[in-house]
Amino acid sequence: MAAAGGEGGRRRGRAGPGPPPPPLLLLLLGMALCPPASALGDEFSPGQWAAAGAAGSAAKGRRYLLYDVNPPEGFNLRRDVYIRVASLLKTLLKTEDWVLVLPPWGRLYHWQSPDIHQVRIPWSEFFDLPSLNKNIPAIEYEQFIAESGGPFIEQVYVLQSYAEGWKEGTWEEKIDERPCIDQLLYSKDKHEYYRGWFWGYEETRGLKVSCLSVQGSASVMAPVLLKNTSARSVMLDRAENLLHDHYGGKDYWDTRRSMVFARHLRVVGDEFRIKYLNSTDGSDKTSYYEDWTKMKVKLGTALGGPYLGVHLRRRDFVWGHREDVPSLKGAAKKIRSLMKIHKLERVFVATDAVVEEFEELKRLLPEMVRFEPTWEDLELYKDGGIAIIDQWICAHARYFIGTSVSTFSFRIHEEREILGLDPKTTYNRFCGDKEKNCEQPTHWKIAYR
């Protein structure tokens, strides 16, 4: 599924008399002309390039926190990790001036649309940056390059569990520098700097890489960052190993509410609702405030559009022979039952079903509608953008039913909570055809204070 045009599409400009070279070009030219750090006799740092006149002037005193997540993890789990890291940043800001560098999107397992450029995608393609910055200071990676003086990260910490595992008994938060358990996904270049994935930015280098065994919430990292390293830029790789500081509390919900979808994606979803689902914010009582800090809706006051919203996860959930995933016939039967109970004539389905399964589902539910992007839509919005459009439409439904333990469904729960829909119409999931104990999702109530 999909987001907005590639690098070329974002950077077209009118022809004119030679603009100054871009900062990154200046930096690379400087690298070609200057001797390697080893010849200089000093430990290399981005600050040396800045001092030597390299592109970008670093914000004085500001430190940069970067992070990445285990490559197989999907879009919606990564959004959850952002909330954890944002909480850590808030802890750091109590002592020093820090800014979060947003990890560019790309190369995700579920983003399988062919012939679509899906690396180095900035957050602004999917989320509203001014909204994020009303919660914490956050910048795109390319702004970090310009500010810090080059594509260099002074310290990379690879987070891992403890080799001996967690011993039963009293829970203890702890962190220690330990030998790396798994083989590092970094290799040294001829200058002894570390190459890595770095979100598809091949020119990026890490200056130091070490492994930390961690057991605890995100802010357990704060003493390490404040006292154990003087690096101005620090990256936490495998940040999903950090737990939430305050899951479900005000801090959690402030960050979650700040993750406002990019306006262009919301507009596409709203136009689809109007055209195919007879759904508008006025009739649905789902008015949306552009400033999330002013949006505090009482649960149950929103009505939702006159349609059933469905998220039916297939592919890897089916391949894993999950007992809590229904057959297509089982899902269709449940959908028809809900439409009858809630007197709804329309159903919107978000699914990753393969073509053959989708055709079968369409045969079982001829009245179902789905957002089916053209190739141009995919090129423009990318798979991540199409996923957000699906979630936005499901979030506005009169009644929603999702898939067990799917983070895609979890994120829809949260959007509906923010919009003020009745929790009884939100926290529902399909049951497996032979599932005996079909426990429904937990209601995590939104917190404003």
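Residues numbered from 1 in each chain as written. Predicted model: local features only at pLDDT ≥ 70, side-chain atom pairs only at ≥ 80, totals over all residues. Heavy atoms only, no water.

With an unreviewed UniProt entry as reference, the protein is termed GDP-fucose protein O-fucosyltransferase 2, source organism Ornithorhynchus anatinus. A UniProt comment under Pathway (unreviewed entry) is attached to the protein, and it reads "Protein modification; protein glycosylation." Check the Sequence similarities (unreviewed entry) section of the UniProt entry for the protein; it says "Belongs to the glycosyltransferase 68 family." (UniProt positions renumbered as here; feature names shortened; annotations may be inferred.)

## Quick notes on the packing of aromatic side chains
According to the stated counting rule, one finds 25 aromatic pairs in the structure shown. Taken together, a centroid distance of 4.9 Å and an interplanar angle of 35 degrees make the contact between Trp105 and Trp123 tilted. Separated by 18 residues along the polypeptide, Trp105 in the loop between β3 (98-102) and α6 (129-132) and Trp123 in the loop between β3 and α6 bring together distant segments of the chain. For Trp105, a relative accessible area of 4% puts it in the buried group. Classification of Trp123 by relative accessible area gives buried; the value is 0%. The interplanar angle of 90 degrees and the centroid separation of 4.7 Å between the aromatic rings of Tyr247 and Trp444 together place this pair among those described as edge-to-face. Here the residue Tyr247 occupies a position in the loop between β10 (233-237) and α9 (250-258), and Trp444 occupies one in the segment after α16 (407-419), the gap between them amounting to 197 residues. (Phe/Tyr/Trp six-rings, centres within 6.5 Å; stacked < 30°, edge-to-face > 60°. Helix = DSSP H or I, 4+ residues; strand = E, 2+ residues; numbered from the N terminus. Buried < 20%, exposed > 50% of the residue type's maximum accessible area, 1.4 Å probe, protein only.)

## Description of the pairing of strand β12 (residues 347-351)
Of all 5 residues making up β12, 5 are buried, and the element is well covered by its neighbours. Neither face of β12 is open: one carries Val347, Val349 and Thr351, the other Phe348 and Ala350, and all of them are buried. As paired elements, strand β11 (residues 305-312) and β12 share 5 bridges and run parallel to each other. Across the sheet, Gly309 pairs through a bridge with Phe348, a residue of β12. Following the chain from β12 across helix α14 (residues 355-364) to the adjacent parallel strand β13 (residues 368-369), one finds a crossover that is right-handed. (Pairing = 2+ DSSP bridges. Right-handed = clockwise from strand over helix to strand, strands pointing away.)

## Observations concerning the packing of helix α5 (residues 75-93) against α9
Interhelical geometry of α5 versus α9 gives an angle of 120 degrees and a closest axis separation of 10 Å. Judged by the inter-axis angle, α5 sits oblique to α9. The way α5 lies across α9 gives a crossing that is right-handed. Contacts between α5 and α9 involve Arg79, Asp80, Tyr82, Ile83, Ala86, Ser87 and Lys90 on the former and, on the latter, Asp251, Tyr252, Asp254, Thr255 and Arg256. A per-class count over the contact of α5 with α9 returns 4 nonpolar, 2 polar and 6 charged. (Axes fitted to C-alpha atoms, helices over the stretch in contact; angles between N-to-C directions. Parallel < 35°, antiparallel > 145°, perpendicular 65-115°, else oblique. Left-handed = near helix turned anticlockwise from the far one by under 90°. Contact = heavy atoms within 4.5 Å. Nonpolar A, V, L, I, M, F, W, Y, C, P; charged D, E, K, R; others polar.)

## Here we look at the nonpolar core
Judged by nonpolar contacts, the single largest core of 79 residues is most densely connected at Tyr82, Met221 and Leu236. Per-domain counts for this core show at least three residues from each of domain 1 (63-250) and domain 2 (261-425). Among all residues touching Leu236, those that are not within four sequence positions of it are Leu65, Leu66, Tyr67, Asp68, Leu88, Tyr157, Leu159, Met221, Leu225 and Leu242. Of all hydrophobic cores here, the second largest spans 20 residues; its members include Leu308, Ala332, Leu361 and Ile401. (Core = buried A, V, L, I, M, F, W, Y, C linked by side-chain atoms within 4.5 Å. Domains from an automatic or database assignment.)

## Let's talk about helix α10 (residues 263-277)
Over its 15 residues, α10 runs 20 Å from end to end, which matches the ideal 21 Å to within 8%, given 1.5 Å per residue. Contact partners of the buried residues in α10: α11 (281-284), β11, β12, β13 and α15 (375-395). The positive-phi residue at the C-terminal boundary of α10 is Asn278, with phi of around 50 degrees. (Expected span 1.5 Å × (residues − 1).)

## Quick word on the sheet that holds β11
Taking strand neighbours across the sheet as the criterion, the 4 strands line up as β13-β12-β11-β14 in an open arrangement whose pairing is parallel. Of all strands in the sheet, those bounded by a partner on one side alone are β13 and β14 (397-401). Bridge count between β12 and β13: 2 bridges; the pairing is parallel. Across the sheet, Val347 pairs through a bridge with Met368, a residue of β13. On top of the sheet, α10 reaches β11, β12 and β13; it is set at about 115 degrees to β11, its chief contact. α15 contacts β11, β12 and β14 of the sheet and is inclined by roughly 145 degrees relative to β12.

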